[in-house]
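Survey of secondary and tertiary structure
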Amino acid sequence: MKFTLNVWRQNGPQDKGRMETYQVDQVSDDMSFLEMIDVLNEQLIHQNIDPVVFDHDCREGICGMCSMFINGEAHGPGRGVTTCQLHMREFSDGDTITIEPFRAKAFPIIKDLMVDRSAFDRIIQAGGFVSVNTSGNLPDANATRIEKSHADAAFDAATCIGCGACVATCKNASAMLFTSAKVSQFALLPQGQVEASERVLHMVNQMDLEGFGNCTNTGACEVECPKGISIENIARMNREYLSVSLTTK
Amino acid sequence: MSSLNAHIPEGPLADKWTHHKAKIPLVSPANKRRLDVIVVGTGLAGSAAAASLAELGYNVKAFCFQDSPRRAHSIAAQGGINAAKNYQNDGDSTFRLFYDTIKGGDYRSREANVHRLAEVSASIIDQCVAQGVPFARDYGGLLDNRSFGGVQVSRTFYAKGQTGQQLLLGAYSALSRQVAKGRVQMFARHEMVELVVVDGKARGIIARDLVSGELERHSAHAVLLCTGGYGNVFYLSTNAMGSNVTAAWKAHRKGAYMANPCFTQIHPTCIPVSGHFQSKLTLMSESLRNDGRIWVPKKKEDAEAIRSGKKKPTDLNEEDRDYYLERRYPAFGNLVPRDVASRAAKERCDAGFGINKTGEAVYLDFASAIERYGKEDAHVQGIHHPTPEKIRALGEAIVESKYGNLFQMYEKITAQNPYKTPMMIYPAVHYTMGGIWVDYNLMTTVPGLFALGEANFSDHGANRLGASALMQGLADGYFVAPYTVGTYLADDIQTGKISTDSPEFAEAEKTARDRMEGFLNSNGNTPVEVFHRELGKIMWDQCGMARSETGLKKAITDIRALRERFYKEVKVPGKMHEMNPELDKAGRVADFMELGELMCLDALSREESCGGHFREEHQSEEGEAVRRDDDFAYVAAWEFADHDPGKAKLHKEDLVFENVKLITRSYK
Ligand SMILES: Cc1cc2nc3c(=O)[nH]c(=O)nc-3n(C[C@H](O)[C@H](O)[C@H](O)COP(=O)(O)OP(=O)(O)OC[C@H]3O[C@@H](n4cnc5c(N)ncnc54)[C@H](O)[C@@H]3O)c2cc1C
Ligand code: SF4
Ligand code: FES
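No experiment lies behind these values; they were computed from the predicted model shown.

**Describing the overall build of chain B**
- Looking only at helices and strands, chain B has 18 helices and 21 strands in total.
- At 25 Å, chain B has a C-alpha radius of gyration in line with the 26 Å of a compact globule built from 668 residues.
- Burial analysis of chain B (668 residues in total) assigns 66% to the buried set.
- Across chain B, contacts joining residues at least 24 apart in sequence account for 74% of those joining residues at least 6 apart.
- Of the roughly 22700 Å² of accessible surface on chain B, a fraction of 50% belongs to carbon and sulfur atoms.
- Here chain B holds 83 positive side-chain charges and 85 negative ones, and the gap between their average locations is 3 Å.

Pasting the structure below:
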């Protein structure tokens, strides 16, 4: 297969950036999208052009590192996949493909397609944990029974990979889906109850400080989320937030 | 050759750890605040260690090369984590977990370490549940378990096919809590490129800030390497793209011995290789072997017909299929340990029974499981005389609830529906049992340098059992290192801050800088990736599932030649002081090329077959591995010498077995 690629090139946060066009051939349909970029990069090195910088690691849809905006969609066409799980068989021979970074004020561009998502880490640092030290003397793991449906729902929320597709997709660049997934995981488990109020206040506060936008319930985030995190989590977080902010006022 | 002291505490096996902990000197909180610890790597081992040490009051600096600690390779672990909880009341115990691990490792691991691992395993589950890790539960609300290869009890805790993710996010949350408190300083997108040794002790590292490209000096009273495994020396593996040996290798060059480097785990159930530009291989969790049956056609004509597309697997009747694991190992069947399952697949494919284009694939078939579950469920639901379609539908639903995400992953990669047609699988490099030599306290041969998790060699002998790496990483990080590192640091209370202005720091920084500039100034024309691919092929062909004297000797010659070419012909674009992934990769591949030679040397010197190490010269008539306990019941620990990886000196740590009898592993 052959493709024409329009790729965003930006040599650091201060650079203005521009689109460059490259041709790749020798692509086979069972290659992943990132393997196609590998082919492009080997070719660019031979042509004395700096290879395209992008984030990736696990290449199996779980680390959340890959982050390309392909033909106007976070992680490209196809639902429930990350960029690394996208295969070239989803495209047709001869297609033109446009590749940009995840764009958001809170995700500054480092270089080319690589962005800085450390704002997500700081949201977790603000309260995305249960405060227990390592001790070796905690209650037995089966001491508290947890209803299967709650455990399963907590798990579903916990599968967020922190990729940022939700932010990149949202017209307001809101981080509500990401933040609410963590809040929900703990809200659904007895372990999370003790600190529930502080958690939601601190995490939402940090989210605002980082410069993420407001949620206007468009639901676009849910559609592009590779892990199918549901916007019900946002509703749950709003309820939690409301009840705390009412009681603390 | 000298022998090594592992500092194993005296006393009966089951009391060693308790007694050892009781004797540990205490450091007051005020003094802990004066002690700095560097933790390189924030996977399960590193995040757990960094969080726990910070909770105790030490100043911790943690490093990882990804953009966030949450993305370490541990995130990809699928199947589960073992613990001797005996919740299923099926006869499990600390001793049984210990015994299974020693036996599974083919008697090449240290009894005392393995027993400690089994002892703390139960606390790991308690710790994780308290952190809010959402493990799978049954309808009664209690934790659920599954079984894994090489054992006959159900002791594996899991969170669907994403156990590693959930455990790592648990450890990451503990780490984040300490970052928020200012007790851990987190350096993401930083790569350790040198170890700094001052007066014989590990006192810091040189790290490259991957965003700015600057080299930084960081000092500490102790350094913990939690940098994962080196499976990517084979180029294609199930490891993440960035997984590397650089940190461990730099430590090796500064005096840390590498132990059993040739012990590699080749996992039997991975998606087969499909093309030249393939960058990595994807694991299909071992948990699938609970329900999947592995087979190839009985007749070569059928295998050929399938390869050429004239027949489909579903065209073959039961009697035309060879369920070779069930045939060869009736007691364990499809649940034999990984090394055994992998070799058996290779044996069938080498004999011409492989079933994909390349001839290197076997089937993993769920049809029987779907039928069995379907019938069971029909019975439960009170459906009398269900139609075959109904049974299938019910069965598929149950299989989906157990393995849904794995099936989906398979379908995304191969574009085939594994509910309707069997999966195709083949062994792939997955894990490295070998690693940095450590004593009972997880300290390396460089005082003050510790190694945790997959980076060390300690607990899995010549073969790791499924679901035991996550257990080991968290055991080392949460429950072992916090004690043993504390013991070491007790002597450093008066030392004061370690200066980074010493000649040792300056020299380490210069070494790193010279190396990188060397790459950038090379006049070659070949991308790094090409050399890595070539190295991988040599390693896979000669130091993979089967090894021989001639093959290994050839590999050593080839790797040396490749290394020479690499330095002449490599082309690394870009500059030093910028984000430059090609430069990072060049450094990693250079280290892999040295490690590869050492692995072959180690494999050559171990003239026996054990676990994942199969020497063709040492097999029985039926093709089973022949271990040679009289001559090889030792850990081979290699010391870097004469500036040449091929001149490494061998030291032996004799393995003493006081609590288990060495027997030939039999899964028949
Ligand atoms: C696909 C897959 C599935 C698996 N499934 C299971 C399973 O079900 N059960 C099980 O028990 N085990 C499983 N394993 C094995 C297990 O996941 C790993 O052995 C384990 O997670 C390793 O943890 P770790 O903390 O030692 O290292 P890792 O998680 O690999 O972390 C390494 C850390 O070191 C950092 N690092 C590395 N080099 C440097 C450097 N030079 N400078 C700075 N930082 C560096 C990285 O950034 C990272 O933070 C699986 C492995 C794979 C590949
Ligand atoms: S909610 Fe979905 S899209 Fe957003 S970070 Fe998590 S996984 Fe990515
Ligand atoms: S590279 Fe890990 S999710 Fe894509």
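That was the structure; now back to the text.
**Looking at the site of ligand 2**
- Taken together, Phe120, Cys160, Ile161, Gly162, Cys163, Gly164, Ala165, Cys166, Leu177, Cys225, Pro226 and Ile229 of chain A make up all the residues around ligand 2.
- The class makeup of the residues in the shell around ligand 2 is 10 nonpolar, 2 polar and no charged.

**So, helix H15 (residues 528-543) of chain B**
- Across its 16 residues, H15 of chain B extends 22 Å between first and last C-alpha, which sits within 8% of the 22 Å expected from 1.5 Å per residue.
- Along H15 of chain B, the residues that are buried comprise Val528, Glu529, Phe531, His532, Arg533, Leu535, Gly536, Ile538, Met539 and Cys543 of chain B.
- Along its buried surface, H15 of chain B packs onto helix H1 (33-46) of chain A together with strand E18 (526-527), helix H16 (549-569), strand E19 (570-571) and helix H17 (581-605) of chain B.

**Concerning the packing of aromatic side chains**
- For the coordinates displayed, the defined rule picks out 28 aromatic pairs over all chains.
- Ring geometry for phenylalanine 107 of chain A against phenylalanine 212 of chain A: centres 5.7 Å apart, planes inclined by 85 degrees, an arrangement best described as edge-to-face. With phenylalanine 107 of chain A in the loop between strand E5 (96-101) and strand E6 (109-111) and phenylalanine 212 of chain A in the loop between helix H7 (196-209) and helix H8 (220-224), this pair connects stretches of sequence that are 105 residues apart.
- Phenylalanine 107 of chain A sits in the buried class, given a relative accessible area of 1%.
- You can call phenylalanine 212 of chain A buried: its relative accessible area is 5%.
- The interplanar angle of 50 degrees and the centroid separation of 6.2 Å between the aromatic rings of phenylalanine 366 of chain B and tyrosine 403 of chain B together place this pair among those described as tilted. With phenylalanine 366 of chain B in the loop between strand E14 (362-365) and helix H11 (367-380) and tyrosine 403 of chain B in helix H12 (residues 388-414), the pair connects residues that are 37 residues apart, well separated along the chain.
- For phenylalanine 366 of chain B, a relative accessible area of 1% gives the class buried.

**Points about the domain arrangement of chain A**
Residue and element names in this part refer to chain A.
- Domain boundaries assigned for chain A yield domain 1 (3-111) and domain 2 (117-247).
- The distance between the C-alpha centroids of domain 1 and domain 2 comes to 29 Å.
- At the interface, 23 residues of domain 1 touch 20 residues of domain 2.
- Summed over both sides, the interface of domain 1 with domain 2 buries roughly 1500 Å², with 59% coming from carbon and sulfur.

**Digging into the pattern of salt bridges**
- Here the structure, examined in full by the defined rule, presents 73 salt bridges over all chains.
- The residue arginine 117 of chain A makes a salt bridge to aspartate 55 of chain A at a minimum N-O spacing of 3.5 Å. Taken as a pair, arginine 117 of chain A in the loop between strand E7 (114-115) and helix H2 (118-125) and aspartate 55 of chain A in the loop between H1 and strand E3 (68-70) lie far apart in primary sequence, 62 residues in all.
- Among the ionic pairs, arginine 110 of chain B bridges to glutamate 653 of chain B, the shortest N-O distance being 2.8 Å. Remark: glutamate 653 of chain B occurs in strand E21 (residues 644-654) and arginine 110 of chain B occurs in the loop between helix H4 (94-104) and helix H5 (111-131); sequence separation between them is 543 residues.
- Sharing partners across several salt bridges, the network here consists of Asp106, Arg108, Arg606, Glu608, Arg627 and Asp629 of chain B.

**Observations regarding the interface of chain B and chain A**
- On the side of chain A, 69 residues touch chain B, which itself brings 77 residues to the contact.
- Buried area between chain B and chain A, summed over both chains or domains, comes out near 6200 Å², and the portion from carbon and sulfur atoms is 53%.
- Considering only the surface of chain B that becomes buried against chain A, Arg71, Arg137 and Phe277 of chain B emerge as the three largest contributors, covering 12% of it.
- Remark: the boundary between chain B and chain A carries 6 salt bridges.
- Notably, a salt bridge pairs lysine 111 of chain A with glutamate 578 of chain B, separated by 3.6 Å at the nearest N-O pair.
- For the pair chain B and chain A, the number of links is 42 residue pairs in polar contact (both at pLDDT 80 or more).
- Those elements giving two or more residues to the side of chain B that touches chain A turn out to be helix H3 (44-56), H5, helix H6 (163-180), H12, helix H13 (469-489), H15 and H17 of chain B.
- Grouping the constituent residues of the side of chain B that touches chain A by class yields 34 nonpolar, 25 polar and 18 charged.

**Some points on the nonpolar core**
- Core analysis: the biggest nonpolar cluster contains 271 residues, and Phe33 and Phe212 of chain A together with Ile81, Phe135 and Leu224 of chain B have the highest contact counts within it.
- Considering each element in turn, this core owes the most residues, 13 residues, to H17 of chain B.
- Beyond its immediate stretch of four places on either side in the chain, leucine 224 of chain B contacts Val37, Ile38, Val39, Val40, Ala49, Leu53, Phe450, Leu452 and Val485 of chain B.
- Listed in part, the 6 residues of the second largest apolar core include Tyr235, Leu236, Cys270 and Ala428 of chain B.

**Some thoughts on the packing of H2 of chain A against H6 of chain B**
- One way to put it is that H2 of chain A packs onto H6 of chain B with a least axis distance of 8 Å and a crossing angle of 85 degrees. As judged from the angle between their axes, H2 of chain A and H6 of chain B are roughly perpendicular. Counting all contacts with H2 of chain A, which are made through Phe120, Asp121, Ile124 and Gln125 of chain A, the residues of H6 of chain B involved are Tyr172, Ser176, Val179 and Ala180 of chain B.
- Among the residues making up the contact of H2 of chain A with H6 of chain B, the classes are represented as 5 nonpolar, 2 polar and 1 charged.

Calculation criteria
- Residues numbered from 1 in each chain as written.
- Chains lettered and ligands numbered in written order.
- Predicted model: local features only at pLDDT ≥ 70, side-chain atom pairs only at ≥ 80, totals over all residues.
- Heavy atoms only, no water.
- Helix = DSSP H or I, 4+ residues; strand = E, 2+ residues; numbered from the N terminus.
- Rg over C-alpha atoms; globule rule 2.2 N^0.38 Å.
- Buried < 20%, exposed > 50% of the residue type's maximum accessible area, 1.4 Å probe, protein only.
- Contact = heavy atoms within 4.5 Å.
- Areas by Shrake-Rupley, 256 points an atom, 1.4 Å probe, with all protein chains shown as cover.
- Lys, Arg positive; Asp, Glu negative; His and termini not counted.
- Charge placed at Lys NZ, Arg CZ, Asp CG, Glu CD.
- Near = heavy atom within 4 Å.
- Nonpolar A, V, L, I, M, F, W, Y, C, P; charged D, E, K, R; others polar.
- Expected span 1.5 Å × (residues − 1).
- Phe/Tyr/Trp six-rings, centres within 6.5 Å; stacked < 30°, edge-to-face > 60°.
- Domains from an automatic or database assignment.
- Buried area = accessible area lost by both parts, 1.4 Å probe.
- Salt bridge = Lys/Arg side-chain N within 4 Å of Asp/Glu carboxyl O.
- Polar contact = N/O pair within 3.5 Å; in protein donor to acceptor, adjacent residues only side chain to side chain.
- Core = buried A, V, L, I, M, F, W, Y, C linked by side-chain atoms within 4.5 Å.
- Axes fitted to C-alpha atoms, helices over the stretch in contact; angles between N-to-C directions.
- Parallel < 35°, antiparallel > 145°, perpendicular 65-115°, else oblique.

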